[in-house]
Each structure stands twice: as C-alpha cells, then as structure tokens.
Amino acid sequence: DNSFRVAAVRPVMASDAQRVVLPAMGPSDLSLSVLEMGCSGSFELLSRPMGSSEPLLPQSTLPVGLPPFAPPLLSEVESRFLRDPAWLPLHCPQLAFSSGRTALKRDRQPHSLLQCGVSPLHSSLSVVRHPTTGELLDFTEELSEDTGLSCKNSLSFLRPPGPPGQTLRGSTTNYPFLPGGMEELSLDQIKKKTQLEEDIDFENNLLSTPPGFNRGMDFTNSEPKGTPSEVSLLSLLSSFDDIIDGRPEHGEQEEKKRGEEKGGERKVQRSNSLEELGIKDGLPPVTPSARRAKEEEEKKKKEEQENKKEGERERWAVPVDINTPCEDFHKRIPDPAFKWPFELDVFQKQAVLCLEKGQSVFVAAHTSAGKTVVAEYAIALSQKHMTRTIYTSPIKALSNQKFRDFKGTFGDVGLLTGDVQLNPEASCLIMTTEILRSMLYNGSDVIRDLEWVIFDEVHYINDIERGVVWEEVLIMLPEHVGIILLSATVPNALEFSDWIGRIKKRQIFVISTLKRPVPLEHFLYTGNSSKTQKELFLLVDSNGTFLTKGYYAAVEAKKERTSKHAQSFGAKTASQNTTPNQDRAVWLSLLSSLSQRDQTPVVAFTFSRTRCDDNARALSSLDLTSSAEKSEIHCFFNKCITRLRGSDRQLPQVLQMIQLLKKGIGVHHSGILPILKEVIEMLFTRGLVKVLFATETFAMGVNMPARTVVFDSIRKHDGTGFRDLLPGEYIQMAGRAGRRGLDTTGTVIILCKAGVHEMSDLHKMMLGKPTVLQSQFRLTYTMILNLLRVEALRVTDMMKRSFSECHCRRDAQSHEKRIAQLKKMLSSLPPIDTEGQLADLVTYYHTVRELTLTRGTLQVHRLTDRTRDWRWTAILTLSLSLSLQKATLESVNGVKALSVGRVVVINNSQHTNALGVILQVSSDSANRTFTALVLCEKDGEGTLKPDAAPTPPKSPQLLCSTALFIPEGPCGHTVQKIRAEDVTGITVKTLRVAPDRIIDNFNKRQMPRFKLDPPGQAISTTTQELLRLAEANPDGVATLDPVNDLQLKGVEVVEASMRLRILQESLGQFTCVHSPRFSEEFSRLQERMVLQEELDRLQFLVSDQSLSLLPEYHQRVEVLKSLQYVDAGGAVQLKGRVACELSSHELLLTELLFEGALSSLPPEESAALLSCLVFTQKTQVTPEINASLQEGVQRVLGVAKRIAELQRECGLSESVEDYVGQYKFGLTEVVYCWARGMPFSEIATLTDVQEGIVVRCIQRLDEVLKDVRNAARIVGDSVLYSKMEQASTAIKRDIVFTASLYTH
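The structure contained in this document is the topic of the report that follows.

For the rest of this paragraph, the subject is the overall build of the chain. Across its full length, the chain carries 46 helices and 30 strands. Each of the 1304 residues in the chain was classed as buried or not, and the buried ones make up 43%. Restricting the contact set of the chain to residue pairs at least 6 apart, pairs at least 24 apart contribute 73%. Approximately 70900 Å² of the chain is accessible, and the part contributed by carbon and sulfur atoms is 52%.

Mapped onto the fold, K371 is located in the loop between β7 (360-364) and α11 (372-385). Of the side chains bearing the opposite charge, E457 lies closest to the buried K371, which forms no salt bridge; the N-O distance is 5.6 Å. Once residues within four sequence positions are removed from consideration, K371 is found in contact with V363, A365, H366, L486 and S487.

Attention shifts here to the environment of A699. Along the chain, A699 falls in the loop between β19 (691-694) and β20 (708-711). Here the alpha-carbon distance between A699 and I731, two residues 32 residues apart in the chain, equals 10.0 Å. Residues in contact with A699, not counting those within four places in the same chain, are F605, Q732, M733 and R736.

Direction vectors running N to C along helix α40 (residues 1163-1170) and helix α43 (residues 1228-1235) enclose 150°, while the axes themselves pass 8 Å from each other. By the angle between their axes, α40 is roughly antiparallel relative to α43. α43 is crossed by α40, and the crossing has right-handed handedness. Facing α40, whose interface residues are E1164, E1165, A1167 and A1168, α43 presents T1228, V1231, Y1232 and A1235. Across the contact of α40 with α43, the residue classes break down as 5 nonpolar, 1 polar and 2 charged.

Counting residues in hydrophobic clusters, the biggest one holds 215 residues, and the most contacted among them are F455, F496, F711, L1170 and F1240. With 12 residues, helix α45 (residues 1251-1275) is the largest single contributor of residues to this core. Residues contacting F455, with those up to four places away along its chain left out, are T392, W470, V473, L474, L477, I483, I484, L485 and L486. Ranked by size, the runner-up nonpolar core spans 41 residues in total, among them W340, L355, F403 and L486.

Rules and cut-offs
- Residues numbered from 1 in each chain as written.
- Predicted model: local features only at pLDDT ≥ 70, side-chain atom pairs only at ≥ 80, totals over all residues.
- Heavy atoms only, no water.
- Helix = DSSP H or I, 4+ residues; strand = E, 2+ residues; numbered from the N terminus.
- Buried < 20%, exposed > 50% of the residue type's maximum accessible area, 1.4 Å probe, protein only.
- Contact = heavy atoms within 4.5 Å.
- Areas by Shrake-Rupley, 256 points an atom, 1.4 Å probe, with all protein chains shown as cover.
- Lys, Arg positive; Asp, Glu negative; His and termini not counted.
- Salt bridge = Lys/Arg side-chain N within 4 Å of Asp/Glu carboxyl O.
- Axes fitted to C-alpha atoms, helices over the stretch in contact; angles between N-to-C directions.
- Parallel < 35°, antiparallel > 145°, perpendicular 65-115°, else oblique.
- Left-handed = near helix turned anticlockwise from the far one by under 90°.
- Nonpolar A, V, L, I, M, F, W, Y, C, P; charged D, E, K, R; others polar.
- Core = buried A, V, L, I, M, F, W, Y, C linked by side-chain atoms within 4.5 Å.

Purely spatial values, then, with no claim about function.
Here it is, written out as structure tokens:
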C-alpha cells in the first residue's frame, strides 16, 4: 500500500522562521505536494513530476503573511550584523574592522537624483460672467499669492498643514505662526526693492520732483504777486468757456490734467460764491500772512483732535464697571452657549458679554468668587463655534483636576501633560503652560483652530523660575486667538492688561471683584489646653476693620499665662520655638474647640513638610469621624489602591495614611505619593477629612474650600531665609476659608504659640496690598535658538514686548513724533561756521561741557520758539553721580566745612561766581539746604520769588571762568536759601557773623513798612567783608582741595580732580575765543548741540540698544558661537537644532550627546546619570554607585564646569560654582536600582528623600529621556535612541507611573 507524507506547516514570521527540509522522495512516496488555501485551513494535493531530486516543499496561497521559509543565511547575516547599527559599534571603528573589512556592493541609481516634486501652480483661471444674465463671457488668468509656502519657510496661516504626526506638538524644524502684534516686514520682503524704490529720495524734493525726473514743478510762486481788488466779470467768464460747453465731468478731468501738463497757466477754480473768487464786496482782501496763520491754526486743531483720538485708541486696558447690575443680560444673550443652575454674579455676566463679542478679558476676582464660570463659557462657546480652546495651568495636579471637572461637564476634553496624552483631538485641551509654549514655537496646527486660550492662576507669573513661560506664550500667541486671564486680586491688573493689549494690538477688558462672596473673620488663638481653648480673639472683622482691642486682649492673655508660669517655675527667657508637646497641646485644644462649634473641615497651613507629618502623627489620639464615615473612608481608600501592586500597597506611607484618614486627619504636601494626595483631595471634597495639614501648594488654584483655615505660623523659608508672609500669599491661603452657599463667614485663625506677633506685621500682612504682577522675563538658550532659526523673528522683538520693557516702550510713539520734530528743527537751523579761527569751536564746546560736568553742575538751556527771538525758557541744574562737587558735598569733611561763617562761591540761576557766607544749615541730611548772605547788585536786593524769570544763559567764558562777581555800582546783598548744588566752591576763608541778627534784620526790611530802612550793623559789616574779599581776589579765592584738604581718597574723586585741572589748563589753547564772532557762533552751536543731544537720547530710547537685556543677549550668543550652536552669521547649526529639542539644560545635554558620554553607558546607568537634571534638593545620604557611574558623574561635572567657565569669559554673571552646584546626584543610586527592577519599598530605604519627591523626580526624568531620544534621532545615533527607549520603558512601572484618579 502506497502512502504519502503531508508536512503540516504553519506560516511564521521572519524573526522565528526556520528552513523546512524534507527527505528526498523514495519509491514508496507519491509525487504530491500540499497547497494551503488561504487562511481558512483547507488543503489541496498537487501532483509533481516523477524523478525530481528536489525535496518536497510546502506551498500556500496568499494572504498568509510572510513566506514559511527562512531567508538565505548570507543575507540574514549581512542585514543583522553588517547593516544594523545596533550591532555595529559606530564609535569604535578600530574594534569593528580589526578582523578585516568587507566591501559591500551598492546599487547605484543616478536617475533618482533627477526626480523632483511638482511645483505649485502660480496662477489660476477665473470665469468672467455677464453681471445680469450670468452668461460665461471669458476666462482670465489670475496670479496666485503665497505659492510655495510650507511650515518650513513661512509664518502665514495660508501655508498648508504639516504631516499628520506633527499636528499636535509640531516640530522643531517648523516655523511658528506669526505672533499677534508683530506685523513687521520679513527680511525677504525688505530685500525685495525695485530699482525705482532704491532711487527715491524721501527727504528732498519728493513732493515737487517725481521719481525718475531730473526736475519738477516749482510751487513756491503759485500765488499771484499782486491780488487785484477788483475782477472783471467778463474776463472771469471768458475763462469758463470749456464749462459753458456742457461737456460731461470726465471731460473736465481731462482738461484739468491737460492744464497741469502745460505747467505755468493759472486756472480760476469753480466756486459757488463770488466772494471766494476775490470779487470786491467791500471787505479788505485776505493777506497771505493772515491766510497762513489761519491754516496753521486749523492744522493745530486737527493735530489736537488726532492726538485725542489716538489717545483714546491706545487705551488698551478697559476697566469694566461691575457696580451697575446687568439687568438686560438675558435679552442681550437670548441663546447662551452654556447655562448654569444658579444666577450669575455681575462680574460673571460682564465677562460673558465680553466673550460673546469676541473680546479678551482679565478677570481678577477674590478666591472662591467663581472665576471658573468664565472659563466654562469660553469652552462652551468654542464648541458652539466648532473651534478649540486651550486651558493652561501652572501645575500638573491642577490640570488633572480640571480635566475631571470639564470632562464631566463638556465631555469632549483632552489632557496633555509631560507623561499623559488623552484625547488630543478634543475641542478643549488642558495642558501646562510649558507645553503650549512648545506648541507655539514648533508651529502646531492646533493653533489654526484655536479661538481661546485660558490662563488660570496668572499671578503665577511672579514665579522666578517659570514666570518667563507666561510672557513667552502671551507674546507668541497669534492675532486671532482670544485671551482669557484668570487671577486672584492684584493691584496692577490694569497695568498688566495694558501691556498685553499694547503688544497684541487689541483691547483687554479688566473685570475685578470688590469683595469676597463669603467675608472672612481673622482671629488670634493663644490657648494651649482645655482650660484656655476659648482664648480666641477677633482681630479683623468681616468688614475688614482691624480691631486693636482684640490684639491687646490677646497680648494680655499671653502675658498673664507667662507670668503665672514664671511664678510657678521661675522666670526664664522667652523662646520663639516650642517643643513638640507644646505644639500637640495647642492643636488638641484648638481642634477640640472647633469640632464642638462645628467649624470643620479645617485646613492647617504649615510651612514645613516635616512639621506637617509631625503634627498629624501627634494627633493620633484624636478621633473626628463616625463609624459610618470610617467605613466609607476604608472602602474608598481600598478601591483606589487596587491599581497598585501588592508590595506597593504595604508601603509605610500608605499604611500610615489609612490610619490617619480613618480618624479624619489628612496630610497634603509634595512628599506624599501622588495617588495618596489625590485620595486625600477627594475625601476632603466629600467632607470626610476634618483636619488637613497642608503646605502652601494646596492653595494654588484647587477649588477645595474649608470652613476654617489655621496658620501654624506666619513665617516661611523662601529659599534664602525666613520672612513673614506677604499679603498676597496670606490672602491666597486665607481665601480657602468660607464655603459659598454653606457658610455666612469664613474663619481664619493664627496660632500664637510662642508669643503674639507684632501688630504692625499682622496689619501689613492682613490688610496690605497683594503682590503686584512683576516681570520675570529672562533670556534662555532655548528661546534664543528657537527665534534665531526663523529669519522673520528676532530676539530683540521678544525683549521689546516683554512686561519688563513695557514702561520704556509705552511712550515710543510720542518719542517718534518728537524725533521727527527735532530733525525738522535741526534741518532749519543755520550751519555753523568752523572756518579760520573758529576751526576748534566744536572741540571747545565739548571741553567746556566736560568741564561743567566735572565740576558737578551742568546748566542746560533749551530753546522753545525761534519765532520769538529764541528766548531762554528753562535752566535745568543736574547733579551728576560721579561729579566732583557732589562727592565733596556728600563727604563727612565736606559737611563739616559747610558750617556757619564759611565763605562759599555760589552759582545758580540768579548768581554767577558770587561770594556768600553761610548763616544756617538745615538738619535734613537727605535734602540739605543752607541760608546764606550773598553779594549782588544794589537793585537786585531782596528774596527772588520762585516764579521769577530766569536769567539769560551765561556765556562760555562765564561758565568756565573763576573770576568772582564784583558789583558795578553800589554793593547789594540778599539772604536766601541755597541748595548744595549751588555751592561750586568752598573757600578757605571764614567770617565771624551773627546769623540770627542778620536774618531777622533782612526779614524785617522785606516788609513794606520797613523797606526803606538801612541795613543793620551786622549785615553791613558782613557785606563789606565779602566785598573786600572779592576785590582782593578778583580771579577767585583759594578753595579747599577735595583730595588734600578734605581727604577724599576715592578713585573717582581723584580722577575728577586731575581731569578738572587738565581741562582748565587746556582752555587757554583754543583760538576760537579770539574770534569776533565767537559768542554768536557758540550760541548757535550750543543751540544745535542741545537739540542733537535730545535727539540722540530719544533715538536711543526707541532703538534696540536701550533694551536692558541686550548685553546679556549678546553674551549668550557669544556662548552659542563658541560652542558652535550658531555660526558667525547667526544661522543655527546641527548642535543648535539638537538643543531646540531639549526643554531644559540644553547646553549640558547637547555637549554630553555630541561627546558620546551617554552612548557607552547601559540604559539604567544613563537614566541614573541624568537624574541630576531633575533632582534639586539636598540629601544627607551619600549614594553608593559603581565605578562606571562615578566616572560618568565626573564627566558631567567636567562638562558643566567647562560651560560655566565659557559663560564667565563671555561676560555672564552666573558664577562657576553656582552653575555646577545646580546638578545634584542624590538620587543616582535610587534611579539606578529602580531602572534595574528593584521594588519601590526597597528603594525608599536607600535615601532620606520623601517618597512623593522620588516619584515626581522619576516622572520628570522620563520627560528628559524622551527629549534625549528625540535629540539622538536628529543626530542619527540609533544606539543612543534605542537605549533611551529602553531606559524610559524600564522606569515607567508600578507606583511611580500609576494613572491619576482624576483621569481614569
């Protein structure tokens, strides 16, 4: 019996494919083959010719996947070992090719180089139809604009969308969309000038000579030389022959053009009255000067109206009145996009009305006032309009909570954080501000559909580290995106809104609440036992009145207990610190009292994570929940931790927390595991947590109000030292008290454990102004590189539009107008004669100016009206910071020298080098003044009134001369107050005077009744002594030398004294002073230089050079050039592109990547080494790491030191120690063991860092690993790419990456 064998063959993949070899057919085998029919499992037998020596192979039909036989061995070896970079050690070619090298044959396809994409069409056909019948008449070709645009070369929204994979996050090679308010020409547009445009002279004769013409029309003599008083009506009508013909209007226009081409012929214009044509009517004719004056007056009125309109238009911040009820709200919005089950407040209605109009708003409302209503309506409005809304928050926890809230309300909501991406196609996306910044820089196509961006907790812009992100996002937002700002009450909301409106060229409507919906009452608590638990003293009532009576009562209660303690145990110095037992007694007495009065739940703010834990553990004997509440807490807690693995459920923190929660006590700070914090938040919302010990972060935006808020202390450590709470911080935390709809008032209690705080500190903290919004704008390398790669955007544009520069840029438009006026004034001034003896006039002017600056006073004379003989209208006396005079007068010896009886030289608007003697010295050291008797002309006696007209400007000889004033006639005197700046010399002479008698006699003679009385004996004697001194020393009295006599040894003073001596000696070398026209030409030059200096100052203010961060920008660019991130022309190179992929520590990571420091390490060691970028705390435990990691640590520190030293060489202020010290390796061992699979319960014993901080650091480390992975892809290092993927996979497990309870 013949039989046959059937080989059952399964289709296999290439990775596990095996060659199936059957034995050769024998005489007993049939010549049949098996054919598998598709994937259904049916087979069919096929015959094959006899005598074939080939083995029997299985066959199949498609589709069954890959063929069921192995590839050739040679091709498999070549693909796996010779072409795979993972097997080929790229960084060690000697090792790779030490045993010999094999030349691989490559297939050349030169024709592939000739292929190119289809160019876009530059024109299209347009149909021309009859306007009435619609009949097709013709086709016309229309040129298409913006062809060839893409996300790689254009900022326009007309560019086509990018690849689908880049729709959400964009790409670092994409251009961002054009930011709103930056409608400036790109470099390409500026360069595209035709030859005619380049030849146009915009300054000279443009209105009279057309471009391309050699000469034009002369309009200066367009008026007739003589205006006839009488015009013949016949001659007048003869010039209207063409009008009498009755031709149509276009004939008149042609005739008018023809008349203009003839040039010299004057035509009489048509008019409705004979008076306008100059016909005699008994009135005198209008003269050209009168007409010119009338035109100037009309022009002036027109400019005033334009300035008024412009001022109204530039009012970017518009305050909205919320005192008036919005009664017609439902009539104005009959079909709202969203409806609430409660009646809206006035401020909410006003905000909704603004949103319906598409207007941007800034809502600065008190805590728990209902700012979220505005955000909800914006989301509903975008869904109605089928657009998108982005909701940004400062912290990830708030993003998760808002996702849960909005998901239940709107449904179509997505979440984007560093490690979570849920429903990215949703109409409402919730994300952190850093992710939105990345999307804007990378040109995400989501921005196209964006209608609103909601910035929650805008006061977070004051954060030193992350505040710059808010400013970057606000500047980079496109024009079509509406802005909604939600913040706590801030005092400068209008100023901040004005800045945003100015940079976005749109009005921002500011809506602020006047009071809290639930008023607060603030108390001081001095109790510490059951006997004193009622010692609660009201300090600020619900109306905001500070009650000093309550404060003094608290002080007395504390003092009485202290005195009793001293009587019992002896007096002891009061300590500001309390023991744990004393803290426990205070908390037990307070919480018992609050529980009895039904004032729970309570949030106890404690500014230390350790103290939060200690206080909670100390209250383990306190039980605040019922049996039913304990059961509910137990079931909910166990349900939430079911997603943890077994060992993670037994963590000490988890076991301890369930015991505290069952008693109604919770702890909330950054050291708590994230899943436990979410459990505590949800239980607190349900009212099952009665007392919650929390740090300041709990008050950041989370809408979890309590009945009572307690402050364990009012002092906190801000990273540099301990300080009292700021008013804004106190208001933010105290605002959690008072549940709207449940409580009539909220209770805020401040514990006085060691003693009662100072009244002034409490008053300032409780009733002081909240912290103003301040700019934290700073330059980062990522910002610079992202803007340098786009030619149309400049870093200086970003700096100009920052909040820190808004004060300087606010008056830019008025500066531009003044610059135009100054240029016009300068062009109208006559030229300066610098020929012959006047050749060194300009040098002489600068020498005189430097001399006056060095002396310390500079009199600047400004001309205002040349038509009125250039009268001097102001004399400004400035004291310079480095002037010799100021240094002398502010020194100790200088003040001593300026005593009563000292003779001084006085120069001011009334006196020039006049001698005076000091009679009195004021006691105000800040604004010291002197009463002096000064020589003057006889007719100048008396006290000069403050509004007296200033004297004309002094000649240059008087400005630099030391010759003393000597009266030309009878000697006069005056007694007046002088400032320290008026004293230009302290002489070595002193006089014996009677100051009181001199002042009394002078004041008496100022009265009209005694005005003619002769001066007293004391005044006459002193005046004669001063006059004799001036006549004996006409060239000047010897003065005290600042260096030798007054012993001023400062470098600036010594240099100024030497410079003063050199300048005085150089004055005699100038020849211009001998010219007869010297005074006239010097006055002209001074006039011109004053205007030129003002012009230079204003041009500097409107230029990029006035930017405060410009020097730092140039320094950072030098760093990038030295590291070859950009070339000499500012073009971003490969290293710069890699740095753009990194969100933080871009320089260090890029240098490590290009040096191959990470490629040679295993994935777990790479992750451990990079943990220094995310861990910022100090630890007392030294990690135990292997030699490879120790070498890696030293390499990282070496690269960081090299970068820091380069920054110092380029001029940056950050020290090498500070830069290197920011990288801490305290979690290196923890991350290494975690990546190798060690359970979390074991790695928690390797460090003293709390579990919550460890989890957060590992989560942030995953974001760093992804950034390095993307950077490795750009470089082409596939080995590092795969290692970063493996490292990311290794750390993403168990409790560290447990899904949030808010999102699942």
